[in-house]
Amino acid sequence: MAATDVRTPRRVMGLYDKPMWESIDAREMKLQRCTGCGTFQYPPGPGCHACLSMELEWIPVSGRATILSWVVFHRQYLPAYPAPYNSIAVRLEEGPIMISNLEGETPSGTWIGERVKLVYVTMPDGVILPRFELDR
Amino acid sequence: MTSGLVTSGLATRQAGAGRHPNPRIRRAAAVVGVGHSDWVGDWARTRAGEKPTDACGYGMQAFNAALKDSGIDRSIIDGLIVGPTTAYERMGELLGINPRWGDQSDAVMSVLQAVMAIESGFADVVALVYGNDQRSVGTQYGGPDAMGGNAFLSYVYHAPWGLTSQGALYALTLQAYKHAHGFTERDLGEVAVAQRGWSSLNPNAIMRERITVDDYMASRYVCEPLHLFDYCLINDGGVALIIAEADIARRISSKPVYIEAAGRSDLNHGATSLEPRLTDFYLPAQQAVAQQVFDMAGMGPKDMDVFQVYDSFSVHVPLALEGYGYCAVGDAGKFLRESGVGPGGKLPTNTGGGHLSETYMQGWAHQIECVRQLRGECGDRQVADCRNVHYSSDVAGKAVSIIYSR
Ligand SMILES: [Zn+2]
């Protein structure tokens, strides 16, 4: 199987997800921000969980984040992800937590607390994913 | 304007500050019959490629065993609650039950629903029936179509980044918890070792060979930092319980096991991106439920003779030890090493061997183990003079607890 045949696992595409993925494809990831109270939210949705306002706008994120947790898969679950590979949870500077992967150099010892920055990675099938690398 | 009052009132309805639940359910109902399928035999048969029966068939086997155990006639059953893995009406059709109260729910909520229906007068004798052929049909709990993905968005939302397995979510929790509290992999290994110690004494357990912490450390990672021994089994089987109104239960049974107290508290804020798992370790929800059930029962952790924890992954156990006050927050590693949860330990926990070693019945087998410990029917693994058993589960941020008593 050629690498280009291996499809990136599909995105959950609910009614409110499309603008985010379009912004990722444009390499300028945007998240919803509440026009009432200013809370950012992820995943995208119909309204603000903090104040229940349903007036939301799409704002580019800074890309700065901190690692909250990390794992290394030693078993393959998905054709696009041969083991070993990592997944991380980061807290975006804007507030929300996001699951992603750490690209490039990895810290020795724990990864928790490491500052990271957003990068855009093109998968072999052409799908663009927001990932993170160490911000040193 | 009352909106300010209403708002502040709502603010106090967060986890940990709830109104005390209605104490009427205390000892309102009791378990009068329990049964299960042949987990050990069916494990061998399914691994040999056989298909002993389907999910409804396992449920029927368990129901027949529970009916026999209770000694009642099927005709007095007027409530039916079926587990989430079989169609409700098909199971009812096969069991020949036309109830006046019916529902479909997971293990612990089924027990609560039965008590609520009985206390409300909607039913007198409720059968709870669960069957699952997850092994022989190859149910996937990881991958792009992970089981439960429709119910829990977090199980599938992060698939583009390769994170879909439920074990991986708990691996993320464990990594953050280790960092926060100086907890080690060897500490976690104590859970798997203890539960294998219990299952070695349990003829109903699938995995009965004892292991050591060194065996645990030498086992492969699945999703690091979780080892193979941290994962539940995947096997076919069924479990059933019959729960009756307390006065009826006393007439039916010489050893009814009462549902002494029950409670629930959920953490939904940030659930899809895993915030309650990663920053709070579900602690506020478990502490809120602990207050509810211990207040309702008029008891505390020290009064519990056995602790049963929903353990799809071993990491549930240290989190529950802290959340329900069996040890101080951050001290679960020390508690596991020094007090112990295995045979001979201070707090016998998952005395059947749990999901890790006995059978993965999604919390259902834990309920009948509670009942059998209180009836004194557990043979080599029996905890002496067992009077109160505490069950807890925290699946996807829903912390639910039951105290069973003689
Ligand atoms: Zn808002």
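Residues numbered from 1 in each chain as written. Chains lettered and ligands numbered in written order. Predicted model: local features only at pLDDT ≥ 70, side-chain atom pairs only at ≥ 80, totals over all residues. Heavy atoms only, no water.

With an unreviewed UniProt entry as reference, chain B is termed Acetyl-CoA acetyltransferase, source organism Stella humosa.

Under an unreviewed UniProt entry, the name given to chain A is OB-fold protein, and the source organism is Stella humosa.

To continue, consider unusual backbone geometry. In the segment running from Y42 of chain A into P43 of chain A, the intervening peptide bond is cis, with an omega of 0 degrees. By secondary structure assignment, the location of P43 of chain A is in the loop between β2 (40-41) and β3 (56-60). Residues E224 of chain B and P225 of chain B are joined by a peptide bond in cis, for which omega reads 15 degrees. For P225 of chain B, the position within the fold is in the loop between β5 (221-224) and β6 (226-227). Backbone geometry at D385 of chain B places phi at a positive 45 degrees, although glycine is not the residue there. For D385 of chain B, the position within the fold is in the loop between α16 (364-375) and β10 (388-393). One non-glycine residue, A396 of chain B, lies in the positive phi region at around 50 degrees. Position of A396 of chain B relative to the elements: it lies in the loop between β10 and β11 (398-405). (Helix = DSSP H or I, 4+ residues; strand = E, 2+ residues; numbered from the N terminus.)

Under the local residue numbering, the UniProt record ascribes the feature "domain: ChsH2 C-terminal OB-fold" (unreviewed entry) to residues 58-120 of chain A. What you have in residues 58-120 of chain A is 0% helix and 52% strand, and the ends, taken at the C-alpha atoms, are 19 Å apart. (UniProt positions renumbered as here; feature names shortened; annotations may be inferred.)

Residues and elements named next belong to chain A. Split by domain assignment, chain A resolves into domain 1 (12-60) and domain 2 (62-136). Using only C-alpha atoms to locate each centre, domain 1 and domain 2 end up separated by 21 Å. Opposite the 11 residues of domain 1 that make contact, domain 2 presents 12 residues. Overall, the association of domain 1 and domain 2 removes approximately 1000 Å² of surface from exposure, summing both partners, and the carbon and sulfur fraction of that is 69%. For the pair domain 1 and domain 2, the interface holds zero salt bridges. Our count for the contact surface shared by domain 1 and domain 2 stands at two residue pairs in polar contact (both at pLDDT 80 or more). Looking at the side of domain 1 that touches domain 2, the elements that each hand over two or more residues are α1 (18-25) and β2. Ranked by residue count, the leading element in the side of domain 1 that touches domain 2 is α1, at three residues. Of the residues that constitute the side of domain 1 that touches domain 2, the class distribution is seven nonpolar, one polar and three charged. (Domains from an automatic or database assignment. Contact = heavy atoms within 4.5 Å. Buried area = accessible area lost by both parts, 1.4 Å probe. Salt bridge = Lys/Arg side-chain N within 4 Å of Asp/Glu carboxyl O. Polar contact = N/O pair within 3.5 Å; in protein donor to acceptor, adjacent residues only side chain to side chain. Nonpolar A, V, L, I, M, F, W, Y, C, P; charged D, E, K, R; others polar.)

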